[in-house]
Amino acid sequence: MNNPETADAAPISAPSPAVLPPAPATPAGDQRGIQTLRYLIDPVRTITGSTSIAEAWAICKEENRDFLPVSAEGQILGLCSFSEIGFLAATAPDPVAFLAEPILNYLVPNLLTLSVNTTVSEALQASFSRQGASFSYDLVIVDDTPAAPYLGLISLRTLVDLQSQQVSDQFETLARKEEMLRNALTLQFKNSVEMRHAQESLAKKEEMLRNALTLQFKNSVEMRRSQAQYHALFQNSPVGVALMNNSGETKTYNRHFAGLLKLPPPSNDPSLIDLGDFMPLSSRAEFLSALQQLERVPENAVPPTLELPMEIGGSEARFRLTLSWISESGQICLCAVDVTEERQLQKKILQQEKDVLLDSLLGGIAHELNNKALPLLGFSELLSTEATEGRDPQKITHYTEVIKKSSAEFAAVVHQLLQLVKPGGKPTPISLFQVIRETLFLLAHTINDSKVTVIEQFPEHDVSVIADPHHLKQILLNLALNAIEAMKKSFRKELLIRLRSAGNQIVIEVGDTGTGIDPEILPRIFDPFFTSKSAETSRGLGLSVSRSLAKQYRGEVQVESKVGEGSTFTVTLPLSRIPASMPPIPKAPAPAPIAEPSLSTAGEEARPPRILVVDDEENVGNLVKEILRRKLNGQIERAMNGEEAIQQLEKADFDLILSDVRMPVKNGLEFFRWVAANRPASVPRFLFMTGHDGSNEMSDEIGRSQVPVLRKPFAIDVLIKQCQERLAAAGKQ
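Predicted, not measured: the structure shown is a model, and the values here were computed from it.

Chemist: Describe the nonpolar core, naming the residues involved and giving the relevant values.
Modeler: Within the largest apolar cluster, 43 residues are counted, with the highest numbers of intra-cluster contacts made by Leu432, Val465, Leu472, Leu495, Leu499, Ile506 and Phe569. Of all the elements in the fold, those that place two or more residues in this core are α11 (432-442), β15 (464-467), α13 (469-486), β16 (494-502), β17 (505-511), α14 (542-552), β18 (556-562) and β19 (566-576). Counting residues per element, this core draws most heavily on α13, which supplies nine residues. With sequence-adjacent residues up to four places away left out, phenylalanine 569 is seen in contact with Leu479, Ile508, Glu509, Val510, Ile517, Ile525, Phe526, Leu543, Val557, Gln558 and Val559. Counting residues in hydrophobic clusters, the runner-up holds 27 residues, among them Ala242, Ala290, Ala317 and Leu323.

Chemist: Now, about the packing of aromatic side chains: what can you tell me, with residues and values included?
Modeler: Summed over all chains, the structure comprises eight aromatic pairs. Measuring from centroid to centroid gives 5.6 Å for phenylalanine 671 and phenylalanine 686, while their planes differ by 50°, and the two rings are tilted. With phenylalanine 671 in helix α17 (residues 668-678) and phenylalanine 686 in strand β23 (residues 686-690), this pair connects stretches of sequence that are 15 residues apart. The same class applies to phenylalanine 671 and to phenylalanine 686, which are both buried. Across the ring face of phenylalanine 654, the terminal group of arginine 610 is positioned such that the distance to the ring centre comes to 4.7 Å.

Chemist: An account of the sheet that holds strand β24 (residues 709-711) is requested, with residue identities and associated values reported.
Modeler: With respect to topology, five strands assemble into an open sheet ordered β21-β20-β22-β23-β24, the strand pairing being parallel. Of all strands in the sheet, those with a lone pairing partner are β21 (635-639) and β24, marking the two edges. Each strand of the sheet is rotated relative to its neighbour by a mean of 20°, with strand direction disregarded. Sheet topology places strand β20 (residues 610-614) next to β21; five bridges connect them, and they run parallel.

Chemist: Residues and numbers for the sheet that holds strand β2 (residues 67-72), please.
Modeler: Spatial strand order, β1-β2-β3: three strands in an open sheet with mixed pairing. Strand pairing shows two members of the sheet lacking a second neighbour, β1 (47-48) and β3 (75-81), which therefore form its edges. Pairing between β1 and β2: two bridges, direction parallel. The partner of isoleucine 47 across the bridge, within β2, is valine 70. Together, β1 and β2 form the strand contacts of helix α1 (residues 53-63), whose direction differs from that of β2 by roughly 130°. Relative to β3, helix α2 (residues 82-91) is tilted by about 55°, and along the sheet it contacts β2 and β3.

Chemist: Could you give an account of unusual backbone geometry, with specific residues and numbers?
Modeler: Residue asparagine 64 is not a glycine yet carries a positive backbone phi of 60°. Located in the positive-phi region is lysine 262, a residue other than glycine, with phi close to 55°. Take lysine 262: it is sitting in the loop between α7 (255-261) and β9 (273-274).

Chemist: Please give an account of the confidence of the model for the protein that cites residues and values.
Modeler: Here the protein shows a mean pLDDT of 76. Residues at 70 or above account for 77%. Here residues 534-540 is modelled with pLDDT under 50, and outside its nearest four sequence neighbours on either side it reaches 11 contacts, counting other chains as well. Contacts of residues 584-604 to residues separated by more than four positions or lying in other chains number 32 contacts, the stretch itself having pLDDT below 50.

Chemist: Run through the packing of helix α16 (residues 642-651) against α17, naming residues and quoting values.
Modeler: It is at 9 Å that the axes of α16 and α17 come closest, and there the two elements cross at 25°. Between α16 and α17, the angle falls in the class roughly parallel. The chirality of how α16 crosses α17 is right-handed. On α17, the residues that touch Gly642, Ala645, Ile646, Leu649 and Glu650 of α16 are Phe671, Trp674 and Val675.

Chemist: Please set out the pairing of β17 residue by residue, giving values where relevant.
Modeler: Across the seven residues that make up β17, a large majority, six, are buried. For β16 and β17, the ladder comprises seven bridges, and the chain directions are antiparallel. Each bridged residue has a counterpart across the sheet, and for serine 501 the counterpart in β17 is isoleucine 506. Pairing between β17 and β19: seven bridges, direction antiparallel. Bridge pairing in β19 places glutamate 509 opposite threonine 570.

Chemist: Summarise the pairing of β23; cite the residues concerned and give the values.
Modeler: Two faces belong to every sheet, and in a regular strand the side chains alternate between them. Burial runs high along β23: five of the five residues are buried. Where strand β22 (residues 656-660) lies against β23, four bridges are found, and the strand directions are parallel. From the neighbouring strand, isoleucine 657 faces β23, where its bridge partner is phenylalanine 686. Looking at chain direction, β23 and β24 are connected through three bridges and run parallel. Each bridged residue has a counterpart across the sheet, and for methionine 689 the counterpart in β24 is leucine 710.

Chemist: Pulling in residues and values, what's your account of the packing of α1 against α2?
Modeler: Relative orientation of the contacting elements α1 and α2 amounts to 135°, with a least axis distance of 11 Å. The angle between α1 and α2 falls in the class oblique. The element α1 and its partner α2 pack so that their crossing is left-handed. Together, Ile53, Ala56, Trp57 and Cys60 of α1 and Phe82, Ile85, Gly86 and Ala89 of α2 make up the contact between the two elements.

Scoring rules and cut-offs
- Residues numbered from 1 in each chain as written.
- Predicted model: local features only at pLDDT ≥ 70, side-chain atom pairs only at ≥ 80, totals over all residues.
- Heavy atoms only, no water.
- Core = buried A, V, L, I, M, F, W, Y, C linked by side-chain atoms within 4.5 Å.
- Buried < 20%, exposed > 50% of the residue type's maximum accessible area, 1.4 Å probe, protein only.
- Helix = DSSP H or I, 4+ residues; strand = E, 2+ residues; numbered from the N terminus.
- Contact = heavy atoms within 4.5 Å.
- Phe/Tyr/Trp six-rings, centres within 6.5 Å; stacked < 30°, edge-to-face > 60°.
- Lys NZ or Arg CZ within 6 Å of the ring centre and 35° of its normal.
- Pairing = 2+ DSSP bridges.
- Axes fitted to C-alpha atoms, helices over the stretch in contact; angles between N-to-C directions.
- pLDDT = per-residue confidence, 0-100.
- Parallel < 35°, antiparallel > 145°, perpendicular 65-115°, else oblique.
- Left-handed = near helix turned anticlockwise from the far one by under 90°.

In structure tokens:
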């Protein structure tokens, strides 16, 4: 639907259309084509643009129409379609808020407005020339004056009926002429005396018949020409088009569709082709489900669109499929567009912007990592010296505490870096407090180096939105880096991060006290490749990508700026009522006493737990083995990957299994699937260890498994506690 810039401030009203003069009688068949539209107008009243969707819906039911015109100050702004609004209301996250929105935000595009003096033939030609969903919209009729006051609507059905009546009138005229000829011939045989007069009359009738046959021949030629035009449009369309049944099978398709799927060219006797054979199983199920529901989609609704992967010639491609139900023939029209390159280009642009962000943050990240790595190196050497020479327990304890703290801080920086470069995943409810603070964490060195003061203005309680946290962080990083860049020459350098609610939306403001943006270039700053910075520091895609990412989640990025005072960028996103699901930032573990293994009760013989440690890193595996041997008095077995671990499990059972996630030969998830299928009793004894989950799919599967995960590097007491809990849950301790 269209969303024009004009907004009405007037309250809801429903003004009556302009009073029409008395409509003339319905014209005869020969005069219908040149008759004006005045006698076809349905005087439907209008509603104002500020009318809420709920009020407009009530007026629509009262008028018993699908389309109502929306006006402002006597001018028609457009039409609203209540079948489309009904579909949007059914799918809106907050139907109540949606129904309270003004109808002006949901006008149909490509409105066709005609003068009342337009002839019927001209109106038919203009109406039937429309494409897509606009083909079914009502026509808006206005007076033929400079002010062009609104008169009423003409529905598509009225025009179709009129055209059908014209064709019927032509056939009736031809039938009457044939009847007149038969009567003349009969009269000739009966009245030989009047033969001469009958012959003259017959000649006239023959002339009339010839004219009728000539007209019929012309109509036939026009029909063949129309068929040829349809065939040319169908075959030469730049979009792949196919007609199929609700099982996804087709025989009729154009050349472009054949080229997309590498099918044989269309023929007169084609074989049946199942489109589901080109799709993975998960995509095929979604495709077939959409086909089955298509017949129940309202006739005037927007055709459903799917974007699915398809396997073409041994390689995977992505197609955007638009489906339409043809009720007259009981078929489905499918329009296919290959969007593989478009999606790859989008990913490439996003990756380029991430590279630019990493280039901007690289110095700060390197600084932070070096600061965390130095205590690790220095105190490790001191610890080695103290262990072999001084053997002072207090110093050794102090050194180890510093090493543990530095390791945790090092892991936090790495975690943030991995979150920034990780590919975008599925939108989920995320905490805005956490995303903003993680963004400032990455910018800490840049902010300190630029001597910028950060002012945070957050509400009392956290708020969440449904988005991809990596995309949202990329937006905020772009805006914050732009703000810092704008304040390079400012005396007062203040970076404002404000979070506030606005109805059912949340607004994030990123403001600066920089030089501001020149009004001449302000309208262009969101254009791709436009930048006022040097080529070494910017590619001109940051703000464009930020706005594009925000629009993916029904949001917007806007700017207000005053030269010499600074700029404020606002990111507006729909508010989510679902609690946030982002994992917290790893923090330094607090020193805690290591829990000792529980002692056996008197008279009960204690059996050491059998533990399997699976990790391809020899040092990590040996470290875990030694810790568990000392702290749990366990009998430890080692495996370098999931395949070796399966061989161990086929020989004997274990009370506890610790497995890394990312390993060669067979990774931890593949090993866990085998355990769940073949040793289900061992699932409660399973524990993951990982330094990085890998892909989004692996992270999601680990989450669904409900198996605890130890994030490397972890403290010894955390390892022992997790192992004791799994042993206790399995009844082994």
